[in-house]
Amino acid sequence: MTVEDGDGRPRRRTVAILGATGLVGQRFVERLADHPWFELVAVGASSRSAGQTYARACSWKLDTALPDAVSAFVVRPCVPREFEGVQIVFSALDSSVAGDIESEFANAGFAVFTNASPHRMDADVPVLIPFVNPDHLEAAFAQSRASKNGRSGFIIANANCASTGLVVALRPLQQAFGIDSALVVTMQAVSGAGYPGVPAMDIVDNVVPYIPGEEDKLESEPLKILGEWRNGAFRPAEMTLSAQCNRVCVRDGHLACCSVKLRRPATADEVRDALSQYESPVAQYKLPSAPASPIVVLSADDRPQPRLDRDCGRGYTITVGRVRACTLLDVKFTLLSHNTVIGAAGGSLLNAELAVARGLA
Ligand code: NAP
């Protein structure tokens, strides 16, 4: 394994977080505090925060304590020369600025793992979910080989937070039965909008049936993720997706109701078995953040629920329940994913762990 030095000890990579003060950035700080392969050495954010200590610049929102070591870090501006000596950069930048900044870092030779949307549909950027499409890592190898200045930087994206749970649940069905089409209705947590995010006056005692740009992402990104990387190009999966996205008054955890039309007939029991028996295609790498199972199927009629189930597998596991026949399509179920763990920072960590295990980073 490339993660070990000659003496068998883990070889730690130095890592930094761009956009470290936001909600996803905070989740990175939390999950990197005791990471066996990665050592957090620097944090970056906007000019509003740069020059201040992390503790002062950031309004910490997680239940866990802000790690002491990071609280004293001085926040840096997000320019590559400020991050010399760093090997891996995790981006939790606001999407309005992420595209250019991430390109600058990749061009300067950094391995960039991003949560932001601007590069997701680039022709050579994989939207990687190790539980789903680990072979798409080849696109990042291709980027690295093709880098013009010999610096071998690259960008790997993770999916939109709502797309992530959906594709993890659809992958076993695609493999077992084929998918013709799917209809998904989401109920997305407020943390999905970042901090401060949705005003309290809009969301308390309410549901907002519109999240700008979200339905387009949910109807397009999964096709790239569930498609193929072949002969140097992505070929999208041939299926049709229809999405309706709602913001609900839940702190963390995106719930989604999904109906699927399969290409080959299957009973609800067969679909439940395909979901519960699904094994991670990267289990052999023993990635430190990987949960025991990518999917857990719950049997109680009223599960999954965000408050009760979002931390399954430390937030890395998708929970699925209510698998049953659909009167309109073939089968329907409810799924839940933790939007800032597997849907964001945790997803990026898994991607970076896979890249290290495969010798790319
Ligand atoms: P957020 O709470 O609004 O945080 C945004 C971060 O970007 C802050 O650290 C902010 O720094 C920084 N930033 C803003 N403008 C900047 C600039 N000009 N230069 C450098 N840094 C700048 O957002 P979030 O929820 O953490 O989301 C971060 C990214 O992940 C977004 O692209 C989002 O779409 C994506 N994402 C979020 C989720 C989720 O569930 N929240 C899930 C998947 C993907 P300051 O504090 O200094 O302003």
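About the criteria used
Residues numbered from 1 in each chain as written. Predicted model: local features only at pLDDT ≥ 70, side-chain atom pairs only at ≥ 80, totals over all residues. Heavy atoms only, no water. UniProt positions renumbered as here; feature names shortened; annotations may be inferred. Pairing = 2+ DSSP bridges. Helix = DSSP H or I, 4+ residues; strand = E, 2+ residues; numbered from the N terminus. Axes fitted to C-alpha atoms, helices over the stretch in contact; angles between N-to-C directions. Parallel < 35°, antiparallel > 145°, perpendicular 65-115°, else oblique. Left-handed = near helix turned anticlockwise from the far one by under 90°. Contact = heavy atoms within 4.5 Å. Buried < 20%, exposed > 50% of the residue type's maximum accessible area, 1.4 Å probe, protein only. Polar contact = N/O pair within 3.5 Å; in protein donor to acceptor, adjacent residues only side chain to side chain.

As annotated in an unreviewed UniProt entry, the chain carries the name Aspartate-semialdehyde dehydrogenase and is attributed to Plasmodiophora brassicae. Its UniProt record gives the chain the following Catalytic activity (unreviewed entry) comment, quoted word for word: "L-aspartate 4-semialdehyde + phosphate + NADP(+) = 4-phospho-L-aspartate + NADPH + H(+)". Heading Sequence similarities (unreviewed entry) of the UniProt record for the chain holds this comment: "Belongs to the aspartate-semialdehyde dehydrogenase family."

(A) View of the pairing of strand β14 (residues 318-325). In the sheet, strand β13 (residues 295-297) pairs with β14 via three bridges, with the strands oriented parallel. By the bridge assignment for β14, Val296 is matched with Thr319. Bridging between β14 and strand β15 (residues 331-337) involves five bridges; their strand directions are antiparallel. Across the sheet, residue Gly321 finds its bridge partner in β15, namely Thr334. Turn length for the β14-β15 hairpin, with the two strands adjacent in sequence and antiparallel, is five residues.

(B) Up close: the packing of helix α6 (residues 161-177) against helix α8 (residues 214-225). Orientation of α6 relative to α8, taken along the N-to-C sense of each, is 45°, at an axis distance of 9 Å. Taken together, the axes of α6 and α8 are oblique relative to one another. The two elements α6 and α8 cross, and the hand of that crossing is right-handed. On α8, the residues touching Cys161, Ala162, Ser163, Leu166 and Val167 of α6 are Glu214, Lys217, Leu218, Glu221, Pro222 and Ile225.

(C) Representation of the sheet that holds strand β2 (residues 38-45) within the structure. Taken in spatial order, the six strands make up an open sheet running β3-β2-β1-β4-β5-β6, and their pairing is parallel. If you trace the sheet from one side to the other, it starts and ends with β3 (76-77) and β6 (154-157), each paired once. As judged from the four bridges shared by strand β4 (residues 88-91) and strand β5 (residues 111-114), these two strands associate in the parallel manner. Note on β5: the bridge partner recorded for Ser91 is Thr114. Across the sheet, helix α1 (residues 23-32) is in contact with β1 (13-18), β2 and β4; its angle to β1 comes to roughly 155°. Across the face of the sheet, helix α11 (residues 341-357) comes into contact with β1, β2, β4, β5 and β6 while running at roughly 150° to β5.

(D) Structural context of unusual backbone geometry. Cis geometry marks the peptide bond from Tyr195 to Pro196; its omega dihedral reads 0°. Among the secondary structure elements, Pro196 is positioned in the loop between β7 (179-188) and α7 (200-203). With omega at 5°, the peptide bond leading from Arg303 into Pro304 counts as cis. With respect to the helices and strands, Pro304 occurs in the loop between β13 and α10 (306-309). Positive phi outside glycine occurs at Arg314, with the angle close to 55°. As for its position among the elements, Arg314 is in the loop between α10 and β14. For Arg314, a relative accessible area of 48% corresponds to the partly exposed category. With a phi angle near 55°, Arg322 is a residue other than glycine that sits in the positive phi range. Here Arg322 shows up in strand β14.

(E) A look at the UniProt feature "active site" (unreviewed entry) in the chain. The residues that UniProt annotates with the feature "active site" (unreviewed entry) are Cys161 and His254. A maximum C-alpha distance of 7.9 Å is found for the annotated residues, which run over 94 residues; spatially they form one tight group. Relative to the helices and strands, Cys161 resides in helix α6. Accessibility expressed as a relative area gives 14% for Cys161, which makes it buried. With near-sequence residues (within four places) excluded, Cys161 lies in contact with Glu214, His254, Ser337, Asn339 and Gly343. Mapped onto the elements of the fold, His254 is located in strand β12 (residues 254-262). Owing to a relative accessible area of 2%, His254 belongs among the buried residues under this scheme. Here Ala189 takes part through its backbone nitrogen, which lies 3.0 Å from a polar atom of the side chain of His254.

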